[in-house]
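Descriptive analysis of the structure
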Amino acid sequence: MTRADRVEIGGVRIKPGTSADIRLEISETYTGDKICIPLRVIRAKQDGPAVFVTAAIHGDEINGTGIIHDFLFGDAFQLSTGMLILAPVVNVFGFEAHERYLPDRRDLNRSFPGSRKGSLASRFAHILMTEIVGHCDYGIDLHTAAAQRTNFPNVRADLTDPGARKLAEAFGCMLVVDGKGPVGSFRREATKRGCPTIILEAGEPWKIEPGVLQIGVQGIRNVLTALNMVEGKQVAPPFLAKIRNTSWIRATVGGILKFHVSPGDFVEPGQPIVTNYSILGVEQNSLSSAGSGIILGMTTLPAVKPGEPICHVATLTPKQLKRYRDKLAAAKTDPHAQVHSDLATSVDVVEAG
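All residue numbers here refer to positions counted from 1 along the written sequence of the relevant chain. Side-chain atom pairs in this predicted model are given and counted only at pLDDT of 80 or more, local residue features only at pLDDT of at least 70, and totals for whole chains, interfaces and linings cover all residues. The side-chain values count all of the structure's non-hydrogen atoms but skip hydrogen atoms and water molecules.

Description of the pattern of salt bridges
Put simply, the rule is: One speaks of a salt bridge when a side-chain nitrogen belonging to Lys or Arg is within 4 Å of a carboxyl oxygen belonging to Asp or Glu. Helix and strand labels come from DSSP, where a helix needs a run of H or I of at least four residues and a strand needs a run of E of at least two; each type is numbered from the N terminus. The cut-offs for exposure are 20% and 50% of the maximum accessible area for each residue type, with area from a 1.4 Å probe on protein chains only; residues under the lower value are buried, those over the upper are exposed, and the others partly exposed.
A complete count under the given rule lists 12 salt bridges for this structure. Note that R100 is salt-bridged to E61, the shortest N-O span being 2.9 Å. Placement of the pair is R100 in the loop between helix 2 (92-97) and helix 3 (120-131) and E61 in the loop between strand 5 (46-55) and helix 1 (63-73), with a sequence separation of 39 residues. Across the pair, E61 and R100 agree in class, each one buried.

In structure tokens, the structure reads:
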């Protein structure tokens, strides 16, 4: 996209070769004071792609906030072409209240593309689509698992879109889950609008986890490098698994769980996943993997009722499992080793008996 000499976001004009901190107005308080989200906009002298990076669309998912913070204040980078829009906290309402949703209990990430005259969530979504997506060619949206869960780092993207596929492959996660995204989600509507957008799902809500920050910061750099916006070398993962099917293992009885796997582990058919004990310590049942796969996410709450989700498994064929396992073992260094260790501490893992 070729841009005019000046780009205007939130009423602020950003000339080539300049940067600006912008307070983008999205609503008002009961007393009529403005409510704004903070943006950092960086524009290179030379024209090129425009990319947004957003975090905390769900107000309790703050790993992405930490990623953007570390990206800005970690190793120095020089934007050689294009424009970068960074929004470390989108849902300021939820961020302030340590909650996922907006004050009206609507999910902002199910409210896109929004409407200028709709609900609070709809108006908010409309502003984001106009003021951020409307100026960009690509997007990265940073997420974590929902409450009482953790996710092994994975990218989610509509791989039928060439731009989204390019970003997903460049980011550097070992797992890419293929799909358009839920109806009304930010990445689905941004991609539909012509701004291919991917999301990173990693870690837990209410936390900023060092291993997740490492993956996220490197992922942003990888994408900008692939788009020739910054100089550098992309860091590739030991393997890249593109996943189309996932499934949840759910509790069949109530009780206390003892896990036999961690996020990111490979599993084979019949491999024990979790053992359920009564509150007095009597073993009730053991749940096993139905097929080959990788542990994509897990509950972090060991007490369950029947039907509650325990473990999210990304499906692999036996050949894929062997190939990816061999590649991981053959890698001299595992860039996901630290995050695997960090996420494993979120659950009580025991050896299967």
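Some points on the pairing of strand 8 (residues 149-157)
Selection rule: Whether two strands pair depends on DSSP finding at least two bridges between them. Handedness of a crossover is defined as follows: orient the strands so they point away from the viewer, and if the path from the first strand over the helix to the second runs clockwise, the crossover is right-handed.
Burial runs high along strand 8: eight of the nine residues are buried. In terms of strand pairing, strand 8 meets strand 17 (residues 293-299) through three bridges, oriented antiparallel. Looking across to strand 17, one finds that T150 is bridged to M298. As paired elements, strand 8 and strand 10 (residues 197-203) share four bridges and run antiparallel to each other. Within strand 10, the residue paired with N151 across the bridge is G203. Bridging between strand 8 and strand 9 (residues 175-178) involves three bridges; their strand directions are parallel. Its bridge partner lying in strand 9, V155 is registered against V176. Following the chain from strand 8 across helix 4 (residues 162-171) to the adjacent parallel strand 9, one finds a crossover that is right-handed.

Remarks on the environment of G270
Cut-off, in case you're wondering: Any two residues having at least one pair of non-hydrogen atoms within 4.5 Å are treated as being in contact.
Following the sequence through the fold, G270 ends up in the loop between strand 14 (266-267) and strand 15 (272-277). For the pair G270 and R110, spaced 160 residues apart in sequence, the C-alpha to C-alpha distance is 37 Å. Sequence-distant contacts of G270, that is, excluding residues within four places in its chain, are made with S288 and S289.

Points about unusual backbone geometry
Looking along the chain, the bond that leaves F112 and enters P113 is cis, with omega of 10°. When you line up the elements, P113 lands in the loop between helix 2 and helix 3. In the Ramachandran plot, R105 falls in the positive-phi region, its phi being about 70° despite a non-glycine side chain. Looking at where R105 falls in the secondary structure, it is placed in the loop between helix 2 and helix 3.

So, the state of the cysteines
What counts, and what does not: Here, a disulfide means two cysteine sulfur atoms that sit within 2.5 Å of each other.
On inspection of all chains with the given rule, the structure shows zero disulfides. Unpaired in this structure, C136 has its nearest cysteine sulfur neighbour in C195, at a distance of 5.5 Å. Here C311 is not cross-linked by a disulfide; its sulfur's nearest cysteine counterpart is in C173, at 18 Å. Residue C311 is classed as buried on the basis of its relative accessible area of 0%.

Describing the confidence of the model for the protein
Using the following cut-off: The pLDDT score gives, residue by residue, the confidence of the prediction method on a 0 to 100 scale.
When pLDDT is averaged along the protein, the result is 92, and 92% of the positions lie at 70 or above. Within the model, the stretch residues 335-353 combines pLDDT values under 50 with 56 contacts to residues more than four positions away or in other chains.

Some words on the side chain of R43
Filter applied, for reference: Think of a polar contact as two N or O atoms within 3.5 Å of one another; within protein, one of them needs to be a possible hydrogen donor and the other a possible acceptor, and neighboring residues in sequence only count if both atoms come from side chains.
Along the chain, R43 falls in strand 4 (residues 34-43). Polar contacts involving the side chain of R43 include one to the main-chain carbonyl oxygen of I14, which spans 2.9 Å.

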